[in-house]
Amino acid sequence: MEAMINTIKGWAENPVKFARSHGVSVSPLAEVSDPEKEIHILIVEGFLLYNHKPLLDVYDKCYYISIPYEECKARRSTRTYTVPDPPGLFDGHVWPMYLKHRKEMENSGLAIEYLDGLKSKDEIYNQVYEDIQNTLLNRL
């Protein structure tokens, strides 16, 4: 987590320099003459990010994909792990820890937009893309 925090801070200090130093090409449109008008987007993904206090002040937008118990259990049961889950792991550990961490996240004070994990990947992508686009348009 510490390495990720340092990476995020490095990006925030100078997104263009950070991108170039990591071999990521920067669109010419991103290189505006007025630095105040530059728009840079960093997507940070992970299932416990909203529970890590040192990161809570870096988020502009927060999304959380949630699915109900039955669907989560069904999806997990179709995964193939090198070491398979022992019997009872999902109900005895995975789901209770999910509920614990979700409650902590909900109490974090972040404005989190909950997304329906039963929708298709394209529907979720389009919803987030549209929200970010609207946020940027309203900022101008």
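The shown structure was predicted, so the numbers you read here are calculated from the model rather than taken from an experiment.

Here the structure, examined in full by the defined rule, presents 7 aromatic pairs. Note on Tyr69 and Trp95: the rings are 5.3 Å apart at their centroids and 80° apart in plane angle, and the pair reads as edge-to-face. Of the two residues, Tyr69 is situated in helix 3 (residues 69–78) and Trp95 in helix 4 (residues 89–106); the sequence distance between them amounts to 26 residues. Residue Trp95 is classed as buried on the basis of its relative accessible area, which comes to 14%.

Attention now goes to the nonpolar core. Counting residues in hydrophobic clusters, the biggest one holds 10 residues: Ile5, Ile8, Leu49, Tyr50, Leu55, Tyr59, Cys62, Tyr64, Met105 and Ile112. Counting only elements with at least two residues in this core, the list comes to helix 1 (2–13) and strand 1 (62–66). Discounting residues that sit within four places of it in the chain, Tyr50 has contacts with Leu56, Tyr59, Lys61, Cys62, Tyr63, Tyr64, Met105, Ser108, Leu110 and Ile112.

On to the side chain of Ser66. Tracing the chain through its elements places Ser66 in strand 1. What Ser66 contacts, discounting residues up to four positions off in sequence, is Tyr98, Arg102, Leu115, Asp116 and Gly117.

Next up on the list: the pattern of salt bridges. Overall, the coordinates contain 6 salt bridges when judged by the stated rule. We note a salt bridge from Asp131 to Lys61, for which the minimum N-O separation is 2.9 Å. A residue pair is termed long-range when its members are at least 10 positions apart, and Asp131 in helix 5 (residues 121–139) and Lys61 in the loop between helix 2 (15–21) and strand 1 qualify at 70 residues. For Asp131, a relative accessible area of 19% translates into the label buried. As a salt-bridge pair, Lys73 and Asp91 come within 2.7 Å of each other at their nearest N and O atoms. With Lys73 in helix 3 and Asp91 in helix 4, this pair connects stretches of sequence that are 18 residues apart. Using a relative accessible area of 32% as the deciding quantity, one classes Lys73 as partly exposed. Of the residues examined, Asp91 reaches a relative accessible area of 40% and is grouped as partly exposed.

The rules behind these values
Residues numbered from 1 in each chain as written. Predicted model: local features only at pLDDT ≥ 70, side-chain atom pairs only at ≥ 80, totals over all residues. Heavy atoms only, no water. Phe/Tyr/Trp six-rings, centres within 6.5 Å; stacked < 30°, edge-to-face > 60°. Helix = DSSP H or I, 4+ residues; strand = E, 2+ residues; numbered from the N terminus. Buried < 20%, exposed > 50% of the residue type's maximum accessible area, 1.4 Å probe, protein only. Core = buried A, V, L, I, M, F, W, Y, C linked by side-chain atoms within 4.5 Å. Contact = heavy atoms within 4.5 Å. Salt bridge = Lys/Arg side-chain N within 4 Å of Asp/Glu carboxyl O.

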